[in-house]
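In case you want the letters, here they are:
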Amino acid sequence: MEPINVKLFSTPSVTRKDTRIVFPSRKIEALFYYIVVNKEAAREELSSLLWPDANAQTGRKNVRNALYYIKKSLDMDIIISPNRYLVTLNPEAQISLDLDRLLSDDEWIDAYAGDFLQGFAVKDEEAFEDWIINSREKYKSLYVQKLYKKIKEDFTYRDYQSAEQCARRLIEIDEYDEKAYRVLMKAFAEMNMYNKAIDIYNKLSEILEKDLGIIPDIKSRTLFQNIQEIRNSVETERIDKGKKIFYGRKQELAELHSNYNDLKNGRNYNSILIIGEAGIGKTALKDKFLEEIRQDDNFIMESSCYQAEEGFPLRPWNGILSKVFNISEEERLKLPFAWRDILEAFFPSFASYDEKSELTINIKANPLKLKMLEETIISLLSKISRLKKTIVVFDDIQWMDNLSISLLSGILLHITEGVMVIAACRNGYSQRVEDFIVEMVKHNRLNKIELDRFTKEEVVDFARKALPDYNFEDDIYENIYKETEGNTFFIVEYINSLRENREMDMMSARMTDILKSRFIGISEEGVKILNISSMFFDEISIEILAEISGVDKLKLLDILDDLKNRFIIKEIDDKSSPSIIFTHQKLREFIYNIQSDSRKQILHNRIGQILETRLMGDDRDIVLYPKLIYHFSKSGDMESALKYNIKTANFYLDFNHELFPTLYGNYSIDTYHPYLTTEDSLKYLNNIEEQFVKLKESYPIMDQITLLGIAFYHMKGRYLIRQGQYERGIELIKDMISSSLRVGEIDYALKGYRQMIYYGIQTRDMKIMGENIEAGLKMAREYSLNADIGMFLRLCGLYKIMNKEYEQAEELLKQCINRFLSIENCKDKYSMHIAAAYSYLGDIRRYNMRFQSSLEYYDKAISLCESKMAGSSLATFCTNAGQAAFDAGDYIRAKSYFIRAFETYKKVDSIWGRGTAEGYMTLLLMAEGNYKEALESLKRADRYSDKIKNPYEIGLIYRIKAEIRYKMESNNKLSQIFIVYLNMNRSYYCEEGIRCLKEVNDKYQIDILNMFAEQR
């Protein structure tokens, strides 16, 4: 027989395979419950119970019919009749019954979910109703007896958490049972949770006064007074003995002091990396060292790395540079405007949006990149270290991102005096951290201090020195070592618990109880503040804490002072606004984990909403995006989390994938967007797509999801197109355009048209270019969007160039430039589009062999681009200028353009035009006699042109191969190096090149190929 589940406590039910059985009537269901409870019953007993007014014959018939319907409803012989007078449960039936569990000795505690047959009744059947009432009281009384018996056992075995749960169950059954409230108060008191015990008493008083108009009895009042007295004495003891504990690590401290003394005295020194497991004492060792040196003699700047920010470039440096700026202001250091501009460009949160400085260095000759930031920070640290020795501290660098590690490496290698770095790292770190450590140790710039757990002897010594007034037996010390396993954090927490409670039974507590005891005696408001604070993975702004808690700021400061005195939190001094942080992540994690999921979700969501009000609407918001993603993810608001993930990805990817982006802000150098590798870009996009798919499955028809999808597919589509993955990229862009038009998102529809045009440019697909230019220009004019009209005029000018309609092209490009210049206060914003138009005007002159004139226009484009950013636009302009200089015969100038293009290509993951640059560099290297380098350059040109599939670029590479093949015929050395790679005859390369170039109607390059084909 299939098993069935019968539930009698709370609302009754009968289920089989999670399907509820529905009986034809209440009486039939009642008869079934009666037999299940009693296991057997006489037919006459059942008849008089449910059909008392029926005669004997009718009663027997009703019982017989009811048994038949039970069998039919359950599709099994669950009730059998061994004789004509008696019915019993079938012994072969597999029945899971909560009543059986209640009557057992081991599974009873969870069996009672509510009153017996709660809410179940059979109309006008008094006998059955009496049976329910009597059974209800019987089983409730039995359950209460069992609970009190278990509570007695729990107190005997000091299992106070179990006693707490039992007491709560008693209160659920009878909310006026003062004995149960006293049990709960005693359990909390035994766990040293005195405030909770007092809260329970206050709750009891409120209920009795409100409902019954009485006060708690004498036993409850006496217990309350006793607990109050104990709490007060414990709090007094805590304040007196609240000393910070540090033990041992003499050798490690000595090494820190030795390197510091060498730093101070101008000798060779090393920076320090402290390695060990979580809670081993890395931060305590660092703090102890910093306490022991004269703070006034040094500049000390600290920053922590967080797992939640691991994927966000350069975040750990925000804290360091914030302190650097503060020091420069306090010491009235005059920093070059260029340094400020560069730092503000990389870190938007430091930008002064109301001031605009003039650069004192030529940014045009020094493209913005990580090396520039590295050199600036080296200069800054060197400058302030001349005033005082400078110590830079990073905690938890196992979470440090790639760019931050790269920057730290450069600083360690290049600053050899005045500045010392102290970093802490958990063991089990990633390969990138391993590589960093190996490299720094190899260059003798870093010493490793590895912290191990304390031995048993050290733990005993630690405990005795920390508790000199306690005289424990050896087994107590043995237990301390067993419980803590030599981990510093747990040893300290254990010792603190002993300091605050002299009872020996505390020695057997598990470590979770030890952590719990750390928070004994904290006021209710203090606990509330800790609960909220634990939602933050990093520092907590006191202003935000006040806003979300609703606590008056002055009162909040008093609460925080108490928590600081208990060494639970500490204040961060170098923040622009007052902030706090937990003294150890394990304390934060403990507080966080003991809160209910629903509470955490609500708090995370509220924090996210508050942080949203701090958004500025510009690139400075990148500082808040990781926090918003974290809080909204934790709150379950996946829509908001995805929105900020997309914004973050756009921040990091925009300049990589937009050839001529629109710029925002007032910087002389645009805000730095860390250039991501292809691998990093794919990681971002795949992560966002995974989130989007999940969200779409949950909310398939929400308009907001559609808008997020449009933003994401635009971003991914353009990335795939730029990488040469046309089929999937075009599919995404077309879907994005269709969705945009459907919901009226004109801005994104226009972006989609432009992306299709870029695809047409890459592949020289004139039909796609023409169709999308026409559609985009029409829509932009329909909605009077000046900037978009300018963009499409530029693209239309390019289209005319590609069709050899040069006069019309020049007119359109001039209209484009004038259109952008006419937009008030937007010259800088659209400077890249203006630069692109200048570049196209340069193309027109190059195609007409007016090379010097073309270079003037290219230089204008490069000048505009370099003053704003160093992205794929700059690479494209430099490549075009290199071509013009080469064709003019100015090879030195050509090479300088191509080198600048390659410097930029290395920082971005775009390959647009890279094959062309590599092809021309092949010819330049060959002219210099660097044949092997030329061959490698040609191979790269082949790879890039094959990936981009642009017929012009492919045809150009064939033209270059034809030229090399021609020169190989008279140059044996050249032939020896290239013969394996260029193993076809010259005519083959000429024919293939002409075939490709005919697709784009490039007469200039075709003429060159015809010349090589005719040479003998």
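These figures come from a predicted structure and were not determined experimentally.

Peer 1: Sorry if this is basic, but what is going on with the overall build of the protein here?
Peer 2: A tally of helices and strands in the protein yields 44 helices and 15 strands. Expressed as a percentage of its 1016 residues, the buried residues of the protein come to 56%. Put simply, the protein shows about 46700 Å² of open surface, and 47% of that area lies on carbon and sulfur atoms.

Peer 1: Explain helix α3 (residues 56-74) here, please?
Peer 2: Between its terminal C-alpha atoms α3 stretches 27 Å, which fits the 27 Å expected from 19 residues at 1.5 Å a residue. What α3 keeps buried is the set Gly 59, Asn 62, Val 63, Ala 66, Leu 67, Ile 70, Ser 73 and Leu 74. Burial along α3 is one-sided: seen end-on, the buried residues are contained in an arc of 135°. Summarising the geometry of α3, the exposed residues directed more than 90 degrees from the buried face are Gln 57 and Lys 72. Next to the buried residues of α3 lie β1 (4-7), β2 (13-16), α1 (26-38), α2 (43-50), β5 (79-80) and β6 (86-89). Where α3 begins, the capping side chain belongs to Asn 55, and its oxygen is found 3.3 Å from the backbone nitrogen of Gln 57. Phi turns positive, to about 55°, at Asp 75, one or two residues after α3.

Peer 1: Looking at this structure, how should I read the pairing of strand β15 (residues 579-582)?
Peer 2: Neither face of β15 is open: one carries Ser 579 and Ile 581, the other Ile 580 and Phe 582, and all of them are buried. Pairing between strand β13 (residues 540-541) and β15: two bridges, direction antiparallel. The partner of Ser 541 across the bridge, within β15, is Ser 579. The pairing of strand β14 (residues 569-572) with β15 spans four bridges and is antiparallel. Opposite Glu 571, over in β15, you have Ile 580 as the bridge partner.

Peer 1: For this particular structure, what's the right way to read the pattern of salt bridges?
Peer 2: A side chain of one charge can pair with a side chain of the opposite charge if their charged atoms are brought near each other. This model, assessed by the stated rule, comprises 49 salt bridges. The closest approach of N and O atoms between Arg 169 and Asp 110, which form a salt bridge, is 2.7 Å. With Arg 169 in helix α6 (residues 160-173) and Asp 110 in the loop between α4 (98-103) and α5 (126-156), this residue pair connects regions lying 59 residues apart in the sequence. Take Arg 169: its relative accessible area is 25%, and that puts it in the partly exposed class. Residue classification places Asp 110 among the exposed residues on the basis of a relative accessible area of 57%. Put simply, Arg 614 and Glu 543 hold a salt bridge, and the shortest N to O gap is 3.4 Å. Taken together, the residues Arg 614 in the loop between α25 (597-612) and α26 (625-635) and Glu 543 in helix α22 (residues 542-549) connect sequence positions 71 residues apart. Exposure remark for Arg 614: the relative accessible area of 27% places this residue in the partly exposed category. We classify Glu 543 as partly exposed; its relative accessible area is 43%. Salt bridges linked by common partners bring Glu 2, Arg 16 and Lys 17 together as one network.

Peer 1: Is there a simple way to think about the packing of α5 against α6 in this case?
Peer 2: Each pair of packed helices can be described by the angle between their axes along with the distance between the axes. Relative orientation of the contacting elements α5 and α6 amounts to 155°, with a least axis distance of 9 Å. The pairing of α5 with α6 is recorded here as roughly antiparallel in orientation. Our pair here, α5 against α6, has a crossing hand that is left-handed. Judged by residue contacts, Lys 140, Tyr 143, Val 144, Leu 147, Tyr 148, Lys 150, Ile 151, Asp 154 and Phe 155 of α5 engage Tyr 160, Ser 162, Ala 163, Cys 166, Ala 167, Arg 169, Leu 170 and Ile 173 from α6. Split by residue class, the contact of α5 with α6 holds twelve nonpolar, one polar and four charged.

Peer 1: When you look at the confidence of the model for the protein in this model, what are you seeing that I'm missing?
Peer 2: Detailed reading of the predicted coordinates is not advisable wherever pLDDT falls low. Of all residues in the protein, 89% attain a pLDDT of 70 or more, and the chain-wide mean is 83. When mean pLDDT is taken per element in the protein, helix α32 (residues 766-782) scores highest with 94 and helix α20 (residues 511-517) scores lowest with 60. Below a pLDDT of 50 lies the segment residues 502-510, which in the model reaches 22 contacts outside its immediate sequence neighbourhood of four places, other chains included. Here residues 655-675 is a poorly scored stretch, pLDDT under 50, and it has 94 contacts once near neighbours within four places are set aside; other chains count.

Peer 1: Honestly, the pairing of β2 in this entry has me stumped. Any pointers?
Peer 2: Within a regular beta strand, the side chains point alternately toward one face of the sheet and then the other, so they alternate between its two faces. Because side chains alternate across β2, one face comprises the buried residues Ser 13 and Thr 15, and the other comprises Val 14 and Arg 16, equally buried. Both β1 and β2 contribute to a ladder of three bridges, which runs antiparallel. Across the sheet, Val 6 pairs through a bridge with Val 14, a residue of β2. Remark: five residues form the turn of the hairpin made by β1 and β2, two consecutive strands paired antiparallel; Ser 10 in that turn has positive phi of roughly 70°. Sheet topology note: the β2/strand β3 (residues 19-20) ladder contains two bridges and is antiparallel. If you follow Thr 15 over to β3, its bridge partner there is Arg 20. Hairpin connection, β2 to β3: the antiparallel pair is bridged by two residues, and Lys 17 has positive phi, about 55°.

Parameters and conventions
- Numbering of residues starts from 1 in each chain and follows the order in which that chain's sequence is written.
- Where local features are concerned, this predicted model is filtered to residues with pLDDT of at least 70; where side-chain atom pairs are given and counted, the filter is 80 or more; whole-chain, interface and lining totals use all residues.
- Only hydrogens and water are removed before side-chain values are computed, so all heavy atoms of the structure are retained for them.
- Secondary structure elements are defined from DSSP: runs of H or I of at least 4 residues count as helices, runs of E of at least 2 residues count as strands, and each element is numbered from the N terminus.
- Exposure is judged per residue with a 1.4 Å probe applied to protein chains only, and the accessible area is read against the type maximum: over 50% gives exposed, under 20% gives buried, and values in between give partly exposed.
- Each accessible area is a Shrake-Rupley estimate made with a 1.4 Å probe; only the visible protein chains count as cover when residues are assessed.
- One less than the residue count of a helix, multiplied by 1.5 Å, gives the span that helix is expected to have.
- Taken from the helix axis, the directions to the C-beta atoms give the arc we talk about.
- Should any heavy atoms of two residues lie within 4.5 Å, those residues are counted as being in contact.
- Counting of polar contacts relies on pairs of N or O atoms within 3.5 Å, with two restrictions inside protein: one atom must be capable of donating a hydrogen and the other of accepting it, and residues adjacent in sequence are counted only when both atoms are side-chain atoms.
- DSSP-based pairing: two strands are paired if at least 2 bridges between them are found.
- We define a salt bridge as a side-chain nitrogen of Lys or Arg found within 4 Å of a carboxyl oxygen belonging to Asp or Glu.
- In this analysis an axis means a line fitted to C-alpha atoms, helices contributing only their contacting stretch, and an angle means the value between N-to-C directions, from 0 to 180 degrees.
- When an angle is under 35 degrees it counts as roughly parallel; over 145 it counts as roughly antiparallel; between 65 and 115 it counts as roughly perpendicular; any other value is oblique.
- By the definition used in this description, the sense in which the near helix is turned from the far one sets the handedness, with an anticlockwise turn below a right angle giving left-handed and a clockwise turn giving right-handed.
- The residue classification treats Ala, Val, Leu, Ile, Met, Phe, Trp, Tyr, Cys and Pro as nonpolar and Asp, Glu, Lys and Arg as charged. All others, Gly included, are polar.
- A residue's pLDDT is simply how confident the predictor is in it, with values from 0 to 100.

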